[in-house]
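Close look at the chain arrangement
For reference, the chains in residue letters:
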Amino acid sequence: MAFAPGSLSDDAAAWKGQSLVGVQQLDEAGLNLVLAHAERLRGQPRDKVLARQRGKILANVFYEPSTRTSCSFQAAMLRLGGSVFCVAEATSSAKKGETLEDTARSLACYADVLVLRHPESGAAKRAAVASRKPTLNAGDGVGEHPTQALLDVYTLCREMCGGIPAGGVRAALAGKTICMVGDLKHGRTVHSLAKLLANFDVALVYVAPAGLEMPAAVTDVVSRGTASQKSVDALAPVVADCDALYVTRVQRERFESQALYERTKGSYVVDAALLRTAKKGCAVLHPLPRVDEVATDVDALPNAAYFRQMEHGLYARMALLDLVLGRPSMLDGLRAALGL
Amino acid sequence: MAFAPGSLSDDAAAWKGQSLVGVQQLDEAGLNLVLAHAERLRGQPRDKVLARQRGKILANVFYEPSTRTSCSFQAAMLRLGGSVFCVAEATSSAKKGETLEDTARSLACYADVLVLRHPESGAAKRAAVASRKPTLNAGDGVGEHPTQALLDVYTLCREMCGGIPAGGVRAALAGKTICMVGDLKHGRTVHSLAKLLANFDVALVYVAPAGLEMPAAVTDVVSRGTASQKSVDALAPVVADCDALYVTRVQRERFESQALYERTKGSYVVDAALLRTAKKGCAVLHPLPRVDEVATDVDALPNAAYFRQMEHGLYARMALLDLVLGRPSMLDGLRAALGL
Amino acid sequence: MAFAPGSLSDDAAAWKGQSLVGVQQLDEAGLNLVLAHAERLRGQPRDKVLARQRGKILANVFYEPSTRTSCSFQAAMLRLGGSVFCVAEATSSAKKGETLEDTARSLACYADVLVLRHPESGAAKRAAVASRKPTLNAGDGVGEHPTQALLDVYTLCREMCGGIPAGGVRAALAGKTICMVGDLKHGRTVHSLAKLLANFDVALVYVAPAGLEMPAAVTDVVSRGTASQKSVDALAPVVADCDALYVTRVQRERFESQALYERTKGSYVVDAALLRTAKKGCAVLHPLPRVDEVATDVDALPNAAYFRQMEHGLYARMALLDLVLGRPSMLDGLRAALGL
């Protein structure tokens, strides 16, 4: 298996059988390929898409709960005509002392593709190396969560450009300003997204409470790319310039005091009043679940992209599953038709 | 969405996209429609039924466990050719502080229909309002459990009339005597059933231990309808007049003492000896699980309708799912055929 | 239902609707039938196999967790074109005091076949008697685990003979030496396997730490058959004569002291060094999960049959499900085609 940077590129046939453990495996052509494929799948009638992976089986392995990611992968596989069985940590042989590698190898005997959520960084790569079948990382600790990054970029393209244009993500996002808001220190999704956007022609703006700023490990990567970046104190003064706000969950318990939380939350809570001062069409994204940081009075506004984001995620995961499972070869089809 | 009384009536096309949160949404024509559709589905070859909702996805969301209801909905969706993913409270984002509304809205991005079991009264309506997809109440606390009421009426019709006659439930149940036995105070199913039967030409007889009688809130509703009702002390004297016994679970811990339980249980336990004195063909229903209140020596008798009741529930839920999912439009079919 | 010894024999049509609770129900012809059917299914294109049980539903009921067995049955049913719903003890009505018999009877209203894992010996037979649908034992306490025995014999045949020859298991295993290694006292799988092999022309060799030897209850059965058996102290001296090593998990806590464990483990741990002294092609089997008793340096060797064993198990379970579900009758097919 190829885990090298850029190993997943514009040759769709070469994706068959590959694992995705981190987003750096995709070069720009690879990113465009998977998102263009997502666009294509959403444009096709569901009945037609149902024939793509008919009879294929996904092992959905979650060592920690994550309803949204789990349901999204399950629905993606079902929409392709495949089926799913689920393994949760509580019922897994890990409790009997089995290594992750042995579990992955065993499940690969039953399934055609594995999806793994695991609390430990690096777990997805270990499973992918052990498994004979493609293994997709659905989040491994503070490590990677590549399908979240894919769906976030896809959502930005859909919201700003209505799809994936001929020029790909580069054309879709050219000249756009994307503001990341909230707890940028602990938010795994904003780290991945910032790194993925580093080489595009975008302006990144960070708004975080004191002590929860974007870490140097991320800003260093961005500074080596073509994107610009800056940090500002509050959202209100910059919101008129932003094409998208990517809001992350802020946990009250990260603050020294409830008083400090109440005093500062105005700078990163998005509500309908704030959006009246925003650029026309400014999209509000959020990885969900949200608590207070996007007010419910935003839900009915066209700016509210966070539920559409869920749906974009479904298509991004369908595209990814479809690519790594590959199409049956002509020979397979012929054998099936002849009953061989 | 239409939650008004009688909003689900005899126009099948109008059911498409609707939610069912309470049984009062169905008028008599609506009740007849769904039960006649259940009859039709059970009469068709399984292969043919499998084509009805091929590729459609059910999100089966259970915030409290209920094996029977959950399995019944899953099997119903699978029998229609659809597929299912399950969400349990233990793995849901509710633990991260997400509102039920946000959860419902998110799952509606992945699924075509939602089924919700929730401990709080009113939860199903809240989810149905938030979700873009039809949402079916599988029991919300002391609130509603409309599919249980549907399957109970369907079972009465099947047992007494062999199906749903041209005159509908009204014709099937005309002149029948239905005895409700056991803990009628806490039994949600007997409350819904009594209210649903209030406007038919039936005689309701209640047999409950002291302190566990049918509440006034229910008898008041029945007294405004066309059904007659009376309470009696013991089952034995009335069993010769009953066309059906609806037995509910009696929990020993509801009694002041074990001695009181033992003394009184003879008046509401159904066994083979009692049934030898019953009207010919008297059907014994029970929502299950049972403990002692229906003796196992009844299981082999033709009177034992409680396992058939499970199967009737499967068809009632298939009918309901099929109606709210609707048939694909001619246009959808054409697009699929042309690969558009 | 027929639970008598040899009730499942070489008439495939007679398997339809039957339950498998113990391996003694299969006579030699029955064993050959199911394994030959497994061979046939693995040789067919997946698309073709997908049509065999299309639309049929499996209730996968696990009162204790067992990832591997559960996933294997689920995948087997999905590969046949059927679908699955799962019931776990934590969510079952057993908690509400329902008997296993009532649960089985209820689930049989929703599903076409039941698979049951239960901690109590005899539970599978109780469920099979109560259920109207075929019920397969996926392990009941210290009782039976017949599909494990089937897959173990199938693996031995595949590894030694490349499949099931015309002469069946008898021909495949004739003259072979099979060594069982590890905790032979508590290992349910080796007990079943030894008993199943008792009437074939094989030599059984037992290697177990002191106090964990094969029980008399098993050796007595073997002594009445045609297989030879002997116990030896260490694996190294006999490994050159063995065609297969069946290694079982040894739990450190079974030993009086850690020191004793360390001193004796050399006699039953299988590693690459040991296998260099083994007979050419000697296959290493293990029911998994393993801990230390098969070193990971064996994994890359052709001898390592334990992951192939998982896959053989998938086909053995597919064959069993397919036989008890039976093929639709011509009449069923005609009714479906005519839409009756």
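Residues numbered from 1 in each chain as written. Chains lettered and ligands numbered in written order. Predicted model: local features only at pLDDT ≥ 70, side-chain atom pairs only at ≥ 80, totals over all residues. Heavy atoms only, no water.

- By the naming in an unreviewed UniProt entry, chain A is aspartate carbamoyltransferase, taken from Pelagomonas calceolata.
- For the record of chain A, the UniProt heading Pathway (unreviewed entry) holds the text "Pyrimidine metabolism; UMP biosynthesis via de novo pathway; (S)-dihydroorotate from bicarbonate: step 2/3."
- Entered under Sequence similarities (unreviewed entry) in the UniProt record, the comment concerning chain A runs "Belongs to the aspartate/ornithine carbamoyltransferase superfamily. ATCase family." (UniProt positions renumbered as here; feature names shortened; annotations may be inferred.)

**Focus on the relation of the copies chain B and chain A**
- It takes a turn of 120° to lay chain B on chain A, together with a shift of 0.0 Å along the axis; the resulting RMSD is 0.0 Å. Expressed as a symmetry operation, the mapping of one chain copy onto the other fits a three-fold axis. Closest approach to the rotation axis among the C-alpha atoms of chain B is made by S83 of chain B, whose C-alpha sits 4.8 Å away. (Least-squares fit on C-alpha atoms with pLDDT ≥ 70 in both.)

**Topic: the interface of chain B and chain A**
- At the interface, 26 residues of chain B touch 26 residues of chain A.
- Interface area for chain B against chain A, summed over the two sides, is near 2400 Å², with a carbon-plus-sulfur share of 54%.
- Three residues, K96, C109 and Y110 of chain B, lead the burial of chain B against chain A; their summed loss comes to 27% of the area buried on that side.
- On the surface where chain B and chain A come into contact, there are 6 salt bridges.
- In this structure, R105 of chain B and D299 of chain A form a salt bridge, with 3.0 Å as the shortest nitrogen-oxygen distance.
- Across the chain B-chain A interface, the total number found is 7 residue pairs in polar contact (both at pLDDT 80 or more).
- Contributing elements (two or more residues each) for the side of chain B that touches chain A: strand 2 (83-88), helix 4 (100-110) and helix 13 (330-338) of chain B.
- Tallying contributions element by element places helix 4 of chain B first for the side of chain B that touches chain A, with 6 residues. (Contact = heavy atoms within 4.5 Å. Buried area = accessible area lost by both parts, 1.4 Å probe. Salt bridge = Lys/Arg side-chain N within 4 Å of Asp/Glu carboxyl O. Polar contact = N/O pair within 3.5 Å; in protein donor to acceptor, adjacent residues only side chain to side chain. Helix = DSSP H or I, 4+ residues; strand = E, 2+ residues; numbered from the N terminus.)

**So, unusual backbone geometry**
- Residue P289 of chain B is reached from L288 of chain B by a cis peptide bond, and omega for that bond is 0°.
- On the secondary structure map, P289 of chain B appears in the loop between strand 9 (283-285) and helix 12 (306-325).
- The phi angle at L288 of chain A is positive, at roughly 55°, despite the residue not being glycine.
- With respect to the helices, strands and loops of the structure, L288 of chain A is situated in the loop between strand 9 (283-285) and helix 13 (306-325).
- Among the residues examined, L288 of chain A registers a relative accessible area of 9% and is labelled buried. (Buried < 20%, exposed > 50% of the residue type's maximum accessible area, 1.4 Å probe, protein only.)

**Regarding the domain arrangement of chain A**
Residue and element names in this part refer to chain A.
- What the domain assignment reports for chain A is domain 1 (12-145 + 313-338) and domain 2 (175-304).
- Here the C-alpha centre of domain 2 lies 30 Å away from the C-alpha centre of domain 1.
- At the interface, 12 residues of domain 1 touch 6 residues of domain 2.
- In this assembly, domain 1 packs against domain 2 so that about 700 Å² is buried in total across both faces, 59% of it on carbon and sulfur atoms.
- Looking at the side of domain 1 that touches domain 2, the elements with two or more residues in it are helix 2 (28-43) and strand 4 (135-140). (Domains from an automatic or database assignment.)

**Brief notes about the interface of chain B and chain C**
- Contacts between the two partners involve 26 residues from chain B, matched on the other side by 26 residues from chain C.
- For the pair chain B and chain C, the summed buried surface comes to about 2400 Å²; carbon and sulfur atoms form 54% of the total.
- In this structure, the connection of chain B to chain C is made through 6 salt bridges.
- The salt bridge partner of D112 of chain C is R46 of chain B, with a shortest N-O separation of 2.7 Å.
- Counting across the chain B and chain C interface gives 7 residue pairs in polar contact (both at pLDDT 80 or more).
- Mapped onto the side of chain B that touches chain C, the elements with two or more residues apiece are helix 2 (46-49), helix 3 (67-79) and helix 12 of chain B.

**Let's talk about the pairing of strand 8 (residues 244-247) of chain A**
All names here are of chain A.
- Of the two faces of strand 8, the one holding A244 and Y246 and the one holding L245 and V247 are both buried throughout.
- Bridge count for strand 5 (residues 177-181) against strand 8 is 4 bridges, and the pairing is parallel. Looking at the pairing, V181 lines up with V247 of strand 8.
- Note: strand 8 against strand 9, 3 bridges, orientation parallel. Pairing of Y246 across the sheet is with L285, part of strand 9. (Pairing = 2+ DSSP bridges.)

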